[in-house]
Amino acid sequence: MNETRSAWPLWEVFVRGKRGLNHVHVGSLHAPDAEMAVRNARDLYTRRNEGVSIWVVPAAEITASSPDEKDPFFAPSGDKVYRHPTFYAIPDDVPHL
Amino acid sequence: MTERAELAASPGRETPEREIEELERRFQRTVDAEQRIEPRDWMPEAYRRTLVRQIAQHAHSEIIGMQPEGNWITRAPSLRRKAILLAKVQDEAGHGLYLYAATETLGADREDLTRRLVDGRQKYSSIFNYPTPTFADVGVIGWLVDGAAICNQVPLCRTSYGPYARAMIRICKEESFHQRQGYELLMTMMRGSAEQRAMVQDAVDRWWWPSLMMFGPPDDASTNTEQSMRWRIKRHTNDELRQKFVDMTVPQAEKLGVTLPDPQLRWNAERGHHDFGQPDWDEFWRVVKGDGPCNAQRVAHRRRAHEDGAWVREAAAAYARKRAGDAGGTGRAARTEGAA
Amino acid sequence: MSWDNAYESLTEEHDVSGHWAFGTGFADALAGVGHDVPADVDRAELAAYCVMLGDDALVFAQRLSEWCSNAPELEEDVALANIALDLLGQARMLLTRAGEVDPTVRPAAAPEHVPDEDALAYFRDERAFRNVRMVEQEPGDFAETVARLLVFGCWRLALFERLAGSRDPVLSAIAAKGVKELAYHRDHAAQWALRLGDGTEFSRERMRAGLDRVWPFVAELFTPHPVETRLAEAGVAVDPAELRSTVDDVLDRVLVAAGLPRPETPALPAAAGLAGRHGVHTEPMGYLLAEMQHIARSHPAAVW
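Residues numbered from 1 in each chain as written. Chains lettered and ligands numbered in written order. Predicted model: local features only at pLDDT ≥ 70, side-chain atom pairs only at ≥ 80, totals over all residues. Heavy atoms only, no water.

Trainee: Would you mind going over the overall build of chain B with me for this structure?
Mentor: If you tally the helices and strands in chain B, you get 14 helices and three strands. Here the C-alpha atoms of chain B give a radius of gyration of 22 Å, agreeing with the 20 Å that 2.2 N^0.38 yields for 340 residues. Overall size of chain B, expressed as C-alpha extent along the three principal axes, is 65 × 55 × 40 Å. Considering chain B as a whole, with its 340 residues, one finds that 62% of them fall into the buried category. For chain B, long-range pairs separated by at least 24 residues make up 77% of all intrachain contacts whose partners lie at least 6 apart in sequence. Per element, the accessible surface of chain B, about 13,100 Å² overall, is 49% carbon and sulfur. (Helix = DSSP H or I, 4+ residues; strand = E, 2+ residues; numbered from the N terminus. Rg over C-alpha atoms; globule rule 2.2 N^0.38 Å. Buried < 20%, exposed > 50% of the residue type's maximum accessible area, 1.4 Å probe, protein only. Contact = heavy atoms within 4.5 Å. Areas by Shrake-Rupley, 256 points an atom, 1.4 Å probe, with all protein chains shown as cover.)

Below, the structure is given as structure tokens:
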């Protein structure tokens, strides 16, 4: 079987910990499509009841800001955007993440 | 190869050497200041490569680690233990997924890493190459193996690479429950029949030395430690961690009423630590090189599951392509309210 | 988390209640629920009914847990384990309820210190198990498991939606909790049926074959046992015959969407008129129980 054809794309997962909070990036996962990504995210990132709502976004669809002077250092080829910015910082007030 | 990996793989392509040196200095200053390196930051290629290897091995260990305990899910002797064990093995799959995701922020690809695992080109923790012949093994794995893993992993919650550190925080929280369920199972068994107490002692006898081996070879035989410490992707030496584990475990063993199978084990008041004997390092290297009781079985199991599943992954991918074609677009986001 | 107190730090900041081992506890679902059996209800029959529904969940959870570390992708390992944990939770509550309303349901072979749920799960012989025969079948390939999960999920969801109105307060509470779980199981299976049915030629063939193997066990789901009929009349149970059109309707919609034909394999006959609800099972059941029960039975004096 052709492994490249069967490999599932990467999705970024955002969870709302409880009502009143923003969705926060919690990680990523692989899934064949958006519906399965939501299902997998529910099982993987909220199996201890950590959230009330989930968003998933194809990792390839995320556009990141260009590194600027606020970064401690940056790639010389600053116009290139890296495709997999997962595991962003999670605020302390989001429980159980 | 992703764009990120191409970039990182040839940082000197358009960059003068002087500029690289400056970037390296700034990188090290950031690390020294206990700041985290994030995916879009510049990083030395060797740092990236070392991290991918280290995190992938850790991820593989979680996935292979599902097998020795998974061996007992269908035979767990109470429904409560069955549920706990199933949830625990499920957590291990989750931990593997968090870690594979961390490698992907470095430009690695999970499919490629899985291929390396099932082809035997990438290692996982040798502890999982030992068999689990009795149900007491489930408890002892929780207590000693998860306990040793926690010793190794808690310092990594402060490791220099942000995505790795954050994955480790989540994993350590879940692992602490794993360890406690193991210890609780052993306490329950030690209060049970004489037969059960013997079962626990037998399992401790078999797992004690392999648990000590989980910290890796003695410092004088360990390579790369110095560079990894400088990069803060390793924060304590193997021997420091091993000592810490022994010091923490001895009182737990006493409370449990089991004997740790090391005649040299005794408190050294002068050092403020326990003295203990050395594991059989020849055995360690044999198992690392593939000659342990379960190496072939564990890898074959993973390979079979992966290859048996290929047609399912292919079908789902084909379905998604058809749908994307129907909708006239590629990926799209999805959300669910109140689904969790 | 500081290095100096690695173990201590692990116990900090944890809200232990409810967040460890999702699905392992079941006290919460029944918190505040009355345990009195309605006066006109036959306790032995209520216990027998709880055992039927409990065994369906227990035996299917046992089969689904065989997938753990064998699924087509790691994400699916996690999903199938979740489903198995939900069903195991339902089984534990139902078997506990059975022992509570009629202590004589406990098998004589069970040691006194073993809780009711384990006495029933581990110390009954095959003929005393009351699950439908569908759930005891070997898992087969992923498509066959999806087919079984789809049919079973549709059926049990329809059953639990009605059972939530039971006059037995515990059955009603168990069903109300189970409805959310089962809706997820059914949808998970339906999503996979669509993908396998409309994925590749190969997957379509596997899905079709999986449905063919599951179909002979469908008729039994809608065949009431006399206990079910009597308790349904008393407003305690659900008459499974009433579920047929609902379940058919959902299955037809999934099959049409997936482009799959409705299977035509004939129903598996009962043995001398007796099937799962009477404790007459197919041959895989004995092996399933041998595996599930042997440690518990080998050490009857043990505590786990």
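Trainee: Would you mind going over the side chain of Ser61 of chain B with me for this structure?
Mentor: Within the secondary structure, Ser61 of chain B is located in helix H3 (residues 45-64). The residues contacting Ser61 of chain B, other than those within four sequence positions of it, are Tyr124, Ser125 and Phe128 of chain B.

Trainee: Before we go on, may I ask you to explain the environment of Asp86 of chain C in this structure?
Mentor: In this structure, Asp86 of chain C sits in helix H3 (residues 74-101). Placed 96 residues apart in sequence, Asp86 of chain C and Leu182 of chain C show a C-alpha to C-alpha distance of 8.4 Å.

Trainee: Is there a simple way to explain the interface of chain B and chain C in this structure?
Mentor: One frequent convention defines the size of an interface as the accessible area lost when the parts assemble. Contacts between the two partners involve 73 residues from chain B, matched on the other side by 64 residues from chain C. Both faces combined, the contact of chain B with chain C buries some 5,900 Å², and carbon together with sulfur accounts for 69% of it. The largest contributions to the chain B side of the interface with chain C come from Leu79, Trp311 and Tyr319 of chain B, which together make up 14% of the buried area. Across the contact surface, chain B and chain C share four salt bridges. A salt bridge links Lys322 of chain B to Asp198 of chain C; the shortest N-O distance between them is 3.0 Å. Inspection of the chain B/chain C interface yields 20 residue pairs in polar contact (both at pLDDT 80 or more). Ranked by the residues each element gives to the side of chain B that touches chain C, the list is headed by helix H5 (residues 79-104) of chain B, at 14 residues. Looking at the side of chain B that touches chain C residue by residue, the class counts come to 38 nonpolar, 18 polar and 17 charged. (Buried area = accessible area lost by both parts, 1.4 Å probe. Salt bridge = Lys/Arg side-chain N within 4 Å of Asp/Glu carboxyl O. Polar contact = N/O pair within 3.5 Å; in protein donor to acceptor, adjacent residues only side chain to side chain. Nonpolar A, V, L, I, M, F, W, Y, C, P; charged D, E, K, R; others polar.)

Trainee: Hey, could you run me through the state of the cysteines in this one?
Mentor: Linking two cysteines covalently via their sulfur atoms produces the bond known as a disulfide. If you walk through the whole model with that rule in mind, you get zero disulfides over all chains. With no disulfide of its own, Cys151 of chain B has Cys172 of chain B as its nearest cysteine by sulfur position, at a separation of 10 Å. Looking at Cys68 of chain C, it has no disulfide partner, and the nearest cysteine sulfur is the one in Cys294 of chain B, 17 Å off. When its relative accessible area of 10% is taken as the criterion, Cys68 of chain C is described as buried. (Disulfide = S-S within 2.5 Å.)

Trainee: Teacher, can you tell me more about the pattern of salt bridges here?
Mentor: Pairing of side chains with opposite charge becomes possible as their charged atoms draw close. This model, assessed by the stated rule, comprises 51 salt bridges over all chains. Between Lys88 of chain B and Glu69 of chain B there is a salt bridge, with the nearest N and O atoms lying 2.4 Å from each other. Here the residue Lys88 of chain B occupies a position in helix H5, and Glu69 of chain B occupies one in helix H4 (residues 66-70), the gap between them amounting to 19 residues. Where Glu45 of chain C meets Arg230 of chain C, a salt bridge forms, and the shortest distance between an N and an O atom there is 2.5 Å. Taken as a pair, Glu45 of chain C in helix H2 (residues 43-65) and Arg230 of chain C in helix H9 (residues 226-233) lie far apart in primary sequence, 185 residues in all.

Trainee: Would you mind showing me how to read the packing of H3 of chain B against helix H6 (residues 110-118) of chain B here?
Mentor: Packed helices, taken two at a time, are described by the angle between their axes plus the distance between the axes. All names here are of chain B. Closest axis-to-axis distance for the H3/H6 pair is 11 Å, and the angle between their directions is 65°. On the basis of the axis angle, H3 is roughly perpendicular to H6. H6 is crossed by H3, and the crossing has right-handed handedness. Taken together, the residues of H6 that come into contact with H3 (itself represented by Val52, Ala56, His60 and Ile64) are Leu113, Thr114 and Leu117. The residue makeup of the contact of H3 with H6, split by class, is five nonpolar, two polar and no charged. (Axes fitted to C-alpha atoms, helices over the stretch in contact; angles between N-to-C directions. Parallel < 35°, antiparallel > 145°, perpendicular 65-115°, else oblique. Left-handed = near helix turned anticlockwise from the far one by under 90°.)

Trainee: Where do I start with empty space enclosed by the protein in this structure?
Mentor: Inspection of the entire model under this criterion finds four cavities of 30 Å³ or more. Quantified by volume, the second largest cavity comes out at close to 60 Å³. Along the walls of the second largest cavity sit Ile63, Tyr100, Thr114, Leu117, Arg302 and His306 of chain B together with Glu73 and Leu74 of chain C, which together make up its complete lining. Those elements that place two or more of their residues in the lining of the second largest cavity are H6 and helix H13 (295-308) of chain B. (1 Å grid on protein atoms, 1.4 Å probe; cavity = no way out; pocket = protein on both sides within 12 Å on 5 of 7 lines; lining within 4 Å. Points joined across faces, edges and corners; volume = space filled by probe spheres on them.)

Trainee: Which parts of the structure should I look at to understand helix H10 (residues 244-258) of chain C?
Mentor: Because an α-helix completes one turn every 3.6 residues, residues spaced three or four positions apart along the sequence face the same direction. Residue and element names in this part refer to chain C. Counted at 1.5 Å a residue, the expected span for H10 with its 15 residues is 21 Å, and the 21 Å between its end C-alpha atoms agrees. Val247, Asp248, Val250, Leu251, Val254, Leu255 and Ala258 are the residues of H10 that are buried. An end-on view of H10 places all buried positions within 170° of arc, on one side of the element. Facing away from the buried side of H10 by over 90 degrees, the exposed positions are Ser245, Arg253 and Val256. Contacts made by the buried residues of H10 are with helix H5 (142-163), helix H6 (169-197) and helix H7 (201-214). Immediately downstream of H10, the backbone of Gly259 shows phi near 70°, a positive value. (Expected span 1.5 Å × (residues − 1). Arc of directions from axis to C-beta.)

Trainee: When you look at the packing of H5 of chain C against H7 of chain C in this model, what are you seeing that I'm missing?
Mentor: Residues and elements named next belong to chain C. As a packed pair, H5 and H7 sit with axes 8 Å apart at the nearest point and diverge in direction by 50°. Here H7 runs oblique to H5, going by the angle between their axes. Seen along the crossing, H5 lies across H7 with a hand that is right-handed. On H7, the residues touching Ala143, Glu144, Val146, Ala147, Arg148 and Val151 of H5 are Arg206, Met207, Gly210, Leu211, Arg213 and Val214. Split into classes, the residues belonging to the contact of H5 with H7 amount to seven nonpolar, one polar and four charged.

Trainee: Is there a simple way to think about H5 of chain C in this case?
Mentor: Residues and elements named next belong to chain C. Along its 22 residues, H5 runs 30 Å from first to last C-alpha, staying within 8% of the 32 Å computed at 1.5 Å per residue. Counting buried positions along H5 yields 20 of 22 residues, so the element is predominantly enclosed. Two or three places before Ala143, at the start of H5, stands the capping residue Asp141, its side-chain oxygen 3.2 Å from that residue's backbone nitrogen.

Trainee: Just to check I follow, could you spell out the packing of aromatic side chains for this structure?
Mentor: The way to describe two aromatic rings as a pair is by their centre distance and the angle between their planes. All told, the structure shown has 18 aromatic pairs over all chains when counted by the stated rule. In textbook terms, an aromatic cluster arises when at least three aromatic residues are bridged by ring pairs, as seen for Trp8 of chain A together with Trp67, Phe142 and Trp192 of chain C. Above the plane of the ring of Tyr184 of chain C lies Arg42 of chain A, whose end atom (NZ or CZ) is 3.7 Å from the centre. Lying across the ring of Trp72 of chain B, Arg75 of chain B places its NZ or CZ 3.7 Å from the centre. (Phe/Tyr/Trp six-rings, centres within 6.5 Å; stacked < 30°, edge-to-face > 60°. Lys NZ or Arg CZ within 6 Å of the ring centre and 35° of its normal.)

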